[in-house]
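A closer look at the structure
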Amino acid sequence: MAILKVEKFWLILPKEKEEKVVDTFKNFENVHWEKLTGEENTEKSSPYDSYVTKLDEIFKILRIFYPEGKGFLEAFFSGREEITEEEFEKLRTEVSIDSLYKEAKNLERVLNVIEDKKKRLSELYEETAYWLDINEDLNFPRVFKRFILYSGTFSRDEWSNFLEESKDILEESWYRTFVNNKNVKVIFIIPKQFSEVFENLLQKHNFIHKRIPYLKDSPQKSLERIQKSLNKVDEDLKNLYCKAKELLDKKKNIFAWYDYYITKIKETGAKNLAYRSNYFAIFSGWIPKKDKEKFLSMLRENISDFVFESKDPDKDDDPPVILDNPKIIKPFEFLTRLYGLPPYGFIDPTPFMAPFYMLFFGICLGDIGYGLLLLISSLWIKNRYKPEDDTKQLLDLLTVLSIPSIIVGTLTWSFFGNQPLLGPDGKFLKVFPLINPSQDLITALGISLSIGVASQFYALILRFISCLKIKDYEGALYDAGLWILFLGSLLVYFGSKVLGIKFSGVEIFKYILIFSLVGLVLTQGRDKKGIARILVGLISLYGIMGGYGLTSFVGDVLSYSRLFALNLVGSIFGFVITQLANMVKGIPVLGWIFLVLIWVGGQVLNFVLSTLSAFVHSTRLQFLELYGRFFVDGGRKFFPYKIEGKFFRIKKNYDGR
């Protein structure tokens, strides 16, 4: 339950053996490689980049035909598919990347042609349908020497006004109208000498120009012919989608090729980690001490001649951090990483935080039904979507957190906000609930505040230990030890007076209180001199200056009252949902359907909101009231150089972590 010990190493080998090292990179991922400087280290584009670009184009074209439609759970939780190396090679060799690319580009080209043709035919159909009133062929002349043709539409009101104003021009012109309820369609043939005046009148009366398509048949026959062409285009498009479906069926093959070239690019990148001379290549990195011999063994299997040197980190190094915890604690590393990694050599807060976090979350959610729902849903999602890395660790965390939720739910006897099977004494089996938050409000508040007090002293003890760990003895004594003595003696001495509790030795706590009080006044401003030191010490007691204070202690303890408050809110909401569902039960025929819909929908909503609230508020209590008292982040993540693909997880032939 600590930060894993690592060593810095240097690996020197002949340049011609670099490929063997890359093979080791692929099969042993527990190494944090450091890039070494050198002129030859300048990164260049990989020869495989063009293949990845082609594959990206194939994906883009496939998404045009069949857009990806992942559900929320799949998009958020889904991991890579795990296959063997043999299955991977089979997928890759079944098809040629060049043929896939050619097929995809041909699909794109034909699609563009078809869509362009469909667009033009649709526009022609719309234009032709507009002049359906014309019962003549549309192949009449459009251009004349002494006349200009105009075609379009007026509103009925504007047409009347237009006729009045343009009657002199129209007497020497030809026009034909087609009137319906809304507008008037008109075709004009106007002498050219009147064109300017006529166009001004058209604009004044909001004339909308409409082109008459040049077709050799009447509008009715032309529409029939255009519709046949559109039907043919739709059939061609349907056939094209069938061909695209054939390409889509090769998606796993495309994924395999993509992963193949991505790993090739990463292998090239792995070579760029080295410093090269004329004859040798030097690699450097960090490796867990416990894995060093295994790594050396794999090197010896692949490379006959190399030099390997390693050492413990010194004070000028910045080693990457690996958190190492037992299986039940490991999911809580997700929370620690959210806050930030501790520096190398500092204590890992994860195991110290986990018990309190389970307690906080269990109290906040605190329901048998919701706890079981959290357990079942998290296990189902893990089994269904095979998540990886942080997503898997989050689901592992929720799985663990479902247990204290069920336990607290049993103690409060809450099942989806209800308390079923209670006897005449208001108890189930004469035992549960041990505490009923809706009735025992003072007791619930007292438990919450007691947890808050315990948590604050716990944080100060951890601060004391962490200061000793980094050899900050002044910080351990003055910023943790004196506060533990002061707050502890303050609570015991004045608490016994207020509660009327008498016991032998109570007076000794008065002297401890005075001693620690004087110590805090003298030490909290120790970076100051003279009277300023005393003033800063006095102010620090209140909490205005310094890292702690009475107001901080009281405020942090009071913030723990939210624990049973959230439990109470979730329980009441669940109870109200049940009551609402029962109210519609008496409706004829549909009553039971409404009951199920309201109860299931409402309980799922309450489960999601209650779980989210429990997670957020428990995390807040940890980060602010616990981590904020002792934890210092700033650690560098151990980041192994993984040569792996995006879509498939290849089963390893070794026991990797």
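Overview of the structure. (Residues numbered from 1 in each chain as written. Predicted model: local features only at pLDDT ≥ 70, side-chain atom pairs only at ≥ 80, totals over all residues. Heavy atoms only, no water.)

1. Observations regarding the overall build of the chain
Assigned secondary structure in the chain consists of 22 helices and 15 strands. A compact globule built from 657 residues should have a C-alpha radius of gyration of about 26 Å, whereas the chain, at 39 Å, is more than 25% larger. Based on the C-alpha atoms only, the size of the chain along its principal axes is roughly 125 × 80 × 65 Å. Scored against the burial criterion, the 657 residues of the chain give a buried share of 43%. Of the contacts formed within the chain by residues at least 6 apart in sequence, a portion of 79% connects residues at least 24 apart. (Helix = DSSP H or I, 4+ residues; strand = E, 2+ residues; numbered from the N terminus. Rg over C-alpha atoms; globule rule 2.2 N^0.38 Å. Buried < 20%, exposed > 50% of the residue type's maximum accessible area, 1.4 Å probe, protein only. Contact = heavy atoms within 4.5 Å.)

2. Here's the deal with the packing of helix H5 (residues 97–130) against helix H9 (residues 219–248)
One way to put it is that H5 packs onto H9 with a least axis distance of 9 Å and a crossing angle of 160 degrees. Comparing their axes, H9 and H5 come out roughly antiparallel. Remark: the crossing between H5 and H9 carries left-handed chirality. Per-class residue counts for the contact of H5 with H9 are 19 nonpolar, 5 polar and 6 charged. (Axes fitted to C-alpha atoms, helices over the stretch in contact; angles between N-to-C directions. Parallel < 35°, antiparallel > 145°, perpendicular 65-115°, else oblique. Left-handed = near helix turned anticlockwise from the far one by under 90°. Nonpolar A, V, L, I, M, F, W, Y, C, P; charged D, E, K, R; others polar.)

3. Digging into the packing of helix H16 (residues 441–469) against helix H21 (residues 562–583)
One can describe the packing of H16 onto H21 by two numbers: an axis separation of 8 Å at closest approach and a directional angle of 135 degrees. Comparing the axis directions of H16 and H21 gives the class oblique. Together, Leu441, Ala444, Ile447, Ser448 and Ile451 of H16 and Leu563, Phe564 and Leu568 of H21 make up the contact between the two elements.

4. Focus on the packing of aromatic side chains
Applying the stated criterion to the full structure yields 58 aromatic pairs. When the centroid spacing of 5.9 Å and the interplanar angle of 85 degrees are considered together, the rings of tryptophan 380 and tyrosine 385 count as edge-to-face. By relative accessible area, which is 43% here, tryptophan 380 ends up partly exposed. Feature note: the residues Tyr150, Phe154, Trp159, Phe162, Tyr175, Phe188, Phe198 and Phe207 constitute an aromatic cluster, connected by ring pairs. In this arrangement the basic side chain of arginine 92 is found over the ring face of tryptophan 257, its NZ or CZ atom lying 5.0 Å from the centre. The residue whose ring lies beneath lysine 210 is tyrosine 130, and the NZ or CZ to ring-centre distance is 5.0 Å. (Phe/Tyr/Trp six-rings, centres within 6.5 Å; stacked < 30°, edge-to-face > 60°. Lys NZ or Arg CZ within 6 Å of the ring centre and 35° of its normal.)

5. Topic: the pairing of strand E5 (residues 147–155)
The two faces of a sheet get side chains in turn, since along a regular strand they alternate between them. Note that E5 and strand E7 (residues 183–191) share 9 bridges and pair antiparallel. Within E7, the residue paired with phenylalanine 147 across the bridge is proline 191. (Pairing = 2+ DSSP bridges.)

6. Some points on the nonpolar core
If you look at the biggest cluster of nonpolar residues, it comprises 46 residues, and the most contacted ones within it are Leu55, Ile58, Ile254 and Phe648. Listed by contribution, the elements that provide at least two residues to this core are helix H2 (49–65), helix H4 (85–93), H5, E7, H9 and helix H10 (251–271). When residues no more than four places from it in sequence are discounted, the contact partners of isoleucine 254 are Leu55, Ile58, Phe59, Leu62, Leu100 and Leu247. Counting residues in hydrophobic clusters, the runner-up holds 42 residues, among them Phe332, Tyr357, Tyr560 and Leu621. (Core = buried A, V, L, I, M, F, W, Y, C linked by side-chain atoms within 4.5 Å.)

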